[in-house]
Amino acid sequence: MLTVVNGTPREWDVIVYMPMSYLYGRRFVSPITPLILELRQELFLQPFNELNWKKVRHLCAKEDLYYPHSLIQDLMWDSLCICTEPLLTRWPFNKLRQKALEVTMKHIHYEDENTRYICIRCIEKSLCMLACWVENPNGDYFKKHLARTPDYTWIAEDGMKMQSFGSQAWDTSLALQALIACNMTNEIGSTLKKGHELIKESQVKENPSGDFKSMFRHISKGSWTFSDQDHGRQISDSIVEGLKCCLLLSTIPSEIVGVKMEPEQLFDAVNILLSLQCKNGGLAVWEPVGAPKCFSTPLNFFQTLFLSMRHVECTASSIQALVLFKKLYLGHRTNEIHNFITNVVRFIEGVQIPYGSWYGNWGSCFTYGAWFSLGGLASAGKTYNSCLALFVKVSSFYSNYKEMMVVGERACHLLSKNIDRNK
């Protein structure tokens, strides 16, 4: 039964497993309704009551079998299920199970309180809300969860929908940067002012409550989330884009865009951004990577379920924000920022794919990765003549894309095939 692991796993996956482990430990089963009976009949090829679950523990459709388990993994999990689990249901070992349930709920409540009952995403929200209901259907924890369900639901033409999570801060910061680049500040001053206020209000003003390190949380003061301040979960590239926005807007007269962000708040943003860098120079999404690569995943379709990976787009975009910050606040943590940028450049150059591009984890993978990587390297002062990574990318682009009218996933695919053929 999983509670929280040391190091830095992928945050949303651990928070998914916490309520799941609680529900399993409590042996919670929902009331069997006619709808559930119909679903069982529809989903399974044989009667539900005749299924032998132990025999199908490792059964997975070949289409979904991206990362098969090793024999050691299967032996370990089978041993826990067959040998250890029966012991935990009997005295005195059931006392250990009860203690684990209490610790798990402590972490769930802490997560709920520090995200104002929004949780990281809709999946975690639903599971944590269910766990609170199982603990106490009439308790305040469950009632507070109910109050935040409208953050996820909305009505469309064909019925109610649920979104993964909001993206207000992210969308606004990118939109503002695009508007600023249009050089039409006098014509769109009111829009910039409203967006500026939203960005300033969306910044997280405090760290997680209490002894957050004992709850395996990182600092969050000065950060931006993907959605709003209530969410509470810092995201590295949201910090970057929010910081860039505030810095750019600080160069425009306050009569047009409103009061500038206080320098201390900008310093807080820089502080958390510097703290997110990993040993190899890269940035993960939520927190610095700490868990070892050998950490096992229980799923067949994720290779790194519990590992927070370094993303080139989060990493590269940080250079642009810090270079701009250095220009406006020359004396603040100059050496640390210089070392940060140096390590980021080394990371970007190190993860470049042999034929010149970069793999991004969001958006259109290669286009997105190349866009941020090239922008980051250029902001760091790298040029076609001084940086091998830029030379390789630009050279491959001009030599292989001359006859291509589209730049995107198919273009990169054709390019890789062409290079392999030339080799």
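Residues numbered from 1 in each chain as written. Predicted model: local features only at pLDDT ≥ 70, side-chain atom pairs only at ≥ 80, totals over all residues. Heavy atoms only, no water.

A.B. asks: Pulling in residues and values, what's your account of the pairing of strand β1 (residues 153–156)?
C.D. replies: The pairing of β1 with strand β2 (residues 159–162) spans four bridges and is classified as antiparallel. Residue pairing in the sheet places W154 in a bridge with K161 of β2. Between β1 and β2, which pair antiparallel one after the other, the connecting turn spans two residues. (Pairing = 2+ DSSP bridges. Helix = DSSP H or I, 4+ residues; strand = E, 2+ residues; numbered from the N terminus.)

A.B. asks: How would you explain the nonpolar core if you had to name every residue and give the values?
C.D. replies: Generally speaking, nonpolar side chains in soluble globular proteins are found buried as a group. Counting residues in hydrophobic clusters, the biggest one holds 68 residues, and the most contacted among them are Y22, L243, L273, L322, F340, I341 and I348. In terms of residue count, the dominant contributor to this core is helix α12 (residues 312–328) (nine residues). (Core = buried A, V, L, I, M, F, W, Y, C linked by side-chain atoms within 4.5 Å. Buried < 20%, exposed > 50% of the residue type's maximum accessible area, 1.4 Å probe, protein only.)

A.B. asks: Give me the lowdown on the packing of helix α11 (residues 263–275) against helix α13 (residues 334–350), citing residues and values where you can.
C.D. replies: Contact geometry of α11 with α13 gives a least axis separation of 11 Å together with a crossing angle of 45°. By the criterion of interaxial angle, the relationship of α11 to α13 is oblique. With respect to the hand of their crossing, α11 and α13 are arranged in left-handed fashion. Here α11 contributes V270, L273 and L274 to the contact with α13, which in turn contributes E336, I337 and F340. Tallied by class, residues from the contact of α11 with α13 come to five nonpolar, no polar and one charged. (Axes fitted to C-alpha atoms, helices over the stretch in contact; angles between N-to-C directions. Parallel < 35°, antiparallel > 145°, perpendicular 65-115°, else oblique. Left-handed = near helix turned anticlockwise from the far one by under 90°. Contact = heavy atoms within 4.5 Å. Nonpolar A, V, L, I, M, F, W, Y, C, P; charged D, E, K, R; others polar.)

A.B. asks: Give me the environment of I82: which residues, what numbers.
C.D. replies: Its place among the elements puts I82 in helix α3 (residues 71–88). Overall, I82 belongs to the exposed group, its relative accessible area being 53%. Note: C-alpha distance between I82 and K54 (28 residues apart in sequence) is 9.2 Å.

A.B. asks: How would you explain the packing of aromatic side chains if you had to name every residue and give the values?
C.D. replies: Applying the stated criterion across every chain yields a total of nine aromatic pairs. Aromatic side chains F28 and W133 sit 6.1 Å apart centroid to centroid with 80° between the ring planes, which places their arrangement in the edge-to-face category. Here F28, found in the loop between α1 (11–25) and α2 (34–43), pairs with W133, found in helix α5 (residues 122–135); they are 105 residues apart in sequence, far enough to count as distant. Take W133: its relative accessible area is 33%, and that puts it in the partly exposed class. A connected cluster of aromatic rings, assembled from ring pairs, spans F44, F48 and W53. Between the NZ or CZ atom of R40 and the centre of the ring of F48, over which it lies, the distance is 3.8 Å. (Phe/Tyr/Trp six-rings, centres within 6.5 Å; stacked < 30°, edge-to-face > 60°. Lys NZ or Arg CZ within 6 Å of the ring centre and 35° of its normal.)

A.B. asks: Please give an account of helix α7 (residues 168–181) that cites residues and values.
C.D. replies: The end-to-end C-alpha distance of α7 is 20 Å, a good match for the 20 Å that 14 residues give at a rise of 1.5 Å each. Where α7 is buried, its residues meet α8 (189–202), α9 (236–250) and α14 (365–379). Following α7 by one or two positions, N183 has its phi on the positive side, about 60°. (Expected span 1.5 Å × (residues − 1).)

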